[in-house]
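# Topology and contacts: notes
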Amino acid sequence: MDTLIAQLQRQFRDYTISLYHQGFLDDQFTELKKLQDECSPDFVAEVVTLFFEDCEKLISNMARALDQTGNVDFKLVGSSVHQLKGSSSSVGAKRVKGLCITLKECCDTQNYEGCVRCLQQVDIEYKTLKAKLQDLFNLEQQIVQAGGRIPQVDI
Amino acid sequence: MEVCNCIEPQWPADELLMKYQYISDFFIAIAYFSIPLELIYFVKKSAVFPYRWVLVQFGAFIVLCGATHLINLWTFTTHSRTVALVMTTAKVLTAVVSCATALMLVHIIPDLLSVKTRELFLKNKAAELDREMGLIRTQEETGRHVRMLTHEIRSTLDRHTILKTTLVELGRTLALEECALWMPTRTGLELQLSYTLRHQHPVEYTVPIQLPVINQVFGTSRAVKISPNSPVARLRPVSGKYMLGEVVAVRVPLLHLSNFQINDWPELSTKRYALMVLMLPSDSARQWHVHELELVEVVADQVAVALSHAAILEESMRARDLLMEQNVALDLARREAETAIRARNDFLAVMNHEMRTPMHAIIALSSLLQETELTPEQRLMVETILKSSNLLATLMNDVLDLSRLEDGSLQLELGTFNLHTLFREVLNLIKPIAVVKKLPITLNLAPDLPEFVVGDEKRLMQIILNIVGNAVKFSKQGSISVTALVTKSDTRAADFFVVPTGSHFYLRVKVKDSGAGINPQDIPKLFTKFAQTQSLATRSSGGSGLGLAISKRFVNLMEGNIWIESDGLGKGCTAIFDVKLGISERSNESKQSGIPKVPAIPRHSNFTGLKVLVMDENGVSRMVTKGLLVHLGCEVTTVSSNEECLRVVSHEHKVVFMDVCMPGVENYQIALCIHEKFTKQRHQRPLLVALSGNTDKSTKEKCMSFGLDGVLLKPVSLDNMRDVLSDLLERRVLYEGM
């Protein structure tokens, strides 16, 4: 008989695997998970929250820069996207990182249209990831509340 | 009448005569007494008088004579017998002494006379000595003059000054009227008047060198007196009233460096001489003295030496100037060469990227196009495009590779890979072509060939592909066999199958084909760039001719050898190469595909309390890195800027991780600043590790040049970080195995 815990755990496992398979997350996220232990039980959550805050700030900076039509400061955009790329690779947000690379290229070639389009995609992507991770954390909470242990997922 | 014993004088006393006699006797007596006194006085005064005995005798004689005359005074009148007695005694004594003295004088007077002669003799001698001393003094003066002259001559290294000074000083020392120097002309056939002391000569005055008087002077090293009328001595208009002074000429050897042998004095066979002519003042009736001639000869020698020194100096200065010029030119050439190399490298780097990008685009898109629906003509066209672009891409790669290989900037990228799989892949790549040409290929792998090896997989595949490709290209029929085995070092005999000891072994690959074969004479040319064998058959197969050259260089990089053996045209050929590969540790026990990752056992797995500083501008990365290190037990401090890092860093921190992802070198400066901060306490400086987005060669070089101890690729995994920390703490450096 499937207990609630087992069910939740299975759900958790499937969801995590799907996230990896869909390319939302990569190995770096696994590494992050490894760093979570009794000393820092909320490590991943903290990092991820910080990352999303960073995303928001950087994206709004870039949007503002791109809004100055005719006088776009591509250098500012470039440095912001560089930061975002760094952050996303530290966290393991694979798709976001890929989009950042494309955005960087557009920025280097001063392709305004490309930049705008890429930025929109980055925005969508990070919000999607945020939602998904939120769901994942909720699942975790439920498991913990139900008294179970969070399963180790090997990709 | 009383009888008295008185003696009566013979004659009657005549009063006047008596008186005179009386007085004379008196004076005589006084004189006779005073003479010895004088003698004694003067003899006592003089220190030397050899005849004292004679003096005594003489004194006695005189005294007695005086006494006699004194006593005579009493005999003029009647005198007693006593007086007569005394008188008689005195006279007798006097007689004795005078006779003795007379006899003595016979001996003495010759002696005295000879003293006089000796005195004369000594006087003459003294005069002679005086004369000689005068001469010696003159000579010494002369010597002094010579020394001074020499000093003057030697104190300069300038040829003209030397010669001028010589003439001036000689003129002064010897009080000459005129002094001239004749130098040989360039042709050596004439002597040209080069320097004179007093007279200016407006015209270049030459005399032929073959004059007898000149030959006479050149023939001896001594100063020679010559006639004042000879051409070399006639320097000024002859006016009759002068009685020309004597003239002396001496040769001055002009020495060259080449004249000096090591053992002996310069051979005087190939000699050039200058002529020095010295004229005494006219009307002075002076003669040339021997010592003056000697002086002249000595000076001539000194001048010769001084001149040769000057000549040597000139030459060495010239050589030095030449060398400096050459140096400058070489420096310029070197700088130009460096600039050229830099320009070429830049060009290559740019071209590398610029050319490959469109190339890849073309190839990728043409392949994609191939997959779509195409009419046969279109398909043909697309295939041609694909083939051409592939060829072009290969060509570009070859050229770029080769130029990198040439200046040694290419380094092997070592990694672990599966050797057996590599061979199979190569064969798979070649098989389609071989099948088309109906050439069966066989692969023989020796049973002791290790499976997992360490080496440059890509380049090794390139080599094998090239060789096997050539085999296929140049064979029209028959078969191709590829053999791979383990061999010992670089012996060509394949009899040794040695079990690999240590962590390296030599892989030998033999590719035998049965194609056209190669003329043994052409074999050496095969490996040169761009060379192709001339036969028509091979021409049609295209290729740039670079393949073998590149393969050879790769093989050399892998410390190996490559060669081709052929039995002649039409008999096929075998290409053989050896390369050195490392044996992987995880190799031959586990022969499974899908290598399980065996983590290396960390040597230091306990980092508790290790103080670490993390500098990263990006908040998220910073947090992640911190989490990583905290998990490993370190005590982590984080900073977000260079300035903060400098402020916070201390000797307590053992490692500093700094993020250098931002482009530019500002991040690297922090490393230099930290070095500066710890120059006093070197051993307390924390290790500096850069976290970077890429770890290519230029990043590595930059890190090393800024004094960093290592560089890590972001993002770092937990195991990676653990290994890195152990490595760092053990070895204090981390620049390998990335």
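Residues numbered from 1 in each chain as written. Chains lettered and ligands numbered in written order. Predicted model: local features only at pLDDT ≥ 70, side-chain atom pairs only at ≥ 80, totals over all residues. Heavy atoms only, no water.

Condition: UniProt positions are given in the numbering used here, feature names are shortened, and annotations may be inferred rather than shown by experiment.
An unreviewed UniProt entry annotates chain B as Ethylene receptor originating from Arabidopsis thaliana x Arabidopsis arenosa. Here is the UniProt Subcellular location (unreviewed entry) comment for chain B, exactly as written: "Endoplasmic reticulum membrane". Listed under Catalytic activity (unreviewed entry) in UniProt, the entry text for chain B is "ATP + protein L-histidine = ADP + protein N-phospho-L-histidine."

Named according to an unreviewed UniProt entry, chain A is Histidine-containing phosphotransfer protein originating from Arabidopsis suecica. Reading the Function (unreviewed entry) entry of the UniProt record for chain A gives the comment "Functions as a two-component phosphorelay mediators between cytokinin sensor histidine kinases and response regulators (B-type ARRs). Plays an important role in propagating cytokinin signal transduction."

## Some remarks on the overall build of chain A
For clarity, the cut-off: Numbering of helices and strands starts at the N terminus; helices are DSSP runs of H or I of at least 4 residues and strands are runs of E of at least 2. A simple rule labels every residue: compare its accessible area, found with a 1.4 Å probe on the protein chains alone, to the largest value its type can have, and call it buried under 20%, exposed over 50%, or partly exposed in between. We call two residues in contact when some of their heavy atoms are within 4.5 Å.
Secondary structure assignment for chain A yields six helices and zero strands. Put simply, chain A runs from its N terminus to its C terminus through helices and strands in the order α-α-α-α-α-α. Taking all 155 residues of chain A together, the buried fraction comes to 43%. Counting only contacts in chain A whose residues sit at least 6 apart along the sequence, the fraction spanning at least 24 positions is 66%.

## Remarks on the pairing of strand E14 (residues 611-615) of chain B
Residues and elements named next belong to chain B. Stated precisely, the cut-off is as follows: Each pair of strands is called paired provided DSSP finds at least two bridges between the two strands. Seen with the strands pointing away from the viewer, any crossover whose path from the first strand over the helix to the second strand runs clockwise is right-handed.
Extensive coverage of E14 is indicated by the burial of four of its five residues. For E14 and strand E15 (residues 635-639), the ladder comprises five bridges, and the chain directions are parallel. Pairing of Leu613 across the sheet is with Thr637, part of E15. Taken together, E14, helix H13 (residues 619-631) and E15 constitute a β-α-β crossover, and its handedness is right-handed. Where E14 lies against strand E16 (residues 655-659), four bridges are found, and the strand directions are parallel.

## Some thoughts on the confidence of the model for chain A
Our working definition: pLDDT expresses, on a scale from 0 to 100, how confident the predictor is about each individual residue.
Of all residues in chain A, 98% attain a pLDDT of 70 or more, and the chain-wide mean is 87. For chain A, helix H2 (residues 27-34) of chain A is the element with the lowest average pLDDT, namely 85, and helix H6 (residues 112-145) of chain A is the one with the highest, namely 90.

## A closer look at the interface of chain B and chain A
Put simply, the test is: Buried area: the accessible area, evaluated with a 1.4 Å probe, that two parts lose upon being put together, summed over both parts. By salt bridge we mean one thing: a side-chain nitrogen of Lys or Arg within 4 Å of a carboxyl oxygen of Asp or Glu. Here a polar contact is taken to be a pair of N or O atoms separated by no more than 3.5 Å, where protein atoms must pair a possible hydrogen donor with a possible acceptor and residues adjacent in sequence count only if both atoms sit in side chains.
Contacts between the two partners involve 17 residues from chain B and, on the opposite side, 20 residues from chain A. Its largest share of buried area at the contact with chain A, chain B owes to Val620(B), Met623(B) and Val624(B), together 34% of the area lost on that side. On the surface where chain B and chain A come into contact, there are zero salt bridges. If you look at where chain B meets chain A, you find five residue pairs in polar contact (both at pLDDT 80 or more). Looking at the side of chain B that touches chain A, the elements that each hand over two or more residues are H13 and helix H17 (718-731) of chain B.

## Overview of the side chain of Thr574(B)
All names here are of chain B. Its location among the elements puts Thr574 in strand E13 (residues 573-583). For Thr574, a relative accessible area of 13% puts it in the buried group. Not counting chain neighbours up to four residues away, the residues in contact with Thr574 comprise Val511, Lys512, Trp563, Ile564 and Glu565.

## Brief notes about the packing of aromatic side chains
Stated formally: Here the aromatic set is Phe, Tyr and Trp, taking the six-membered ring for Trp, and pairing holds for ring centres within 6.5 Å; pairs whose planes are under 30 degrees apart are stacked, those over 60 apart are edge-to-face, and all others are tilted. To sit over a ring, a charge needs its Lys NZ or Arg CZ within 6 Å of the ring centre and within 35 degrees of the ring normal.
Overall, the coordinates contain five aromatic pairs over all chains when judged by the stated rule. Ring geometry for Phe58(B) and Phe61(B): centres 6.2 Å apart, planes at 45 degrees, overall tilted. Of the two residues, Phe58(B) and Phe61(B) are both situated in helix H2 (residues 52-72); the distance of three residues between them amounts to about one turn of the helix. By relative accessible area, Phe61(B) is classed as partly exposed at 22%. Of the aromatic side chains, those joined through ring pairs into one cluster are Phe51(A), Phe52(A) and Tyr126(A). Its end group placed over the ring of Phe24(A), Arg95(A) keeps NZ or CZ at 4.3 Å from the ring centre.

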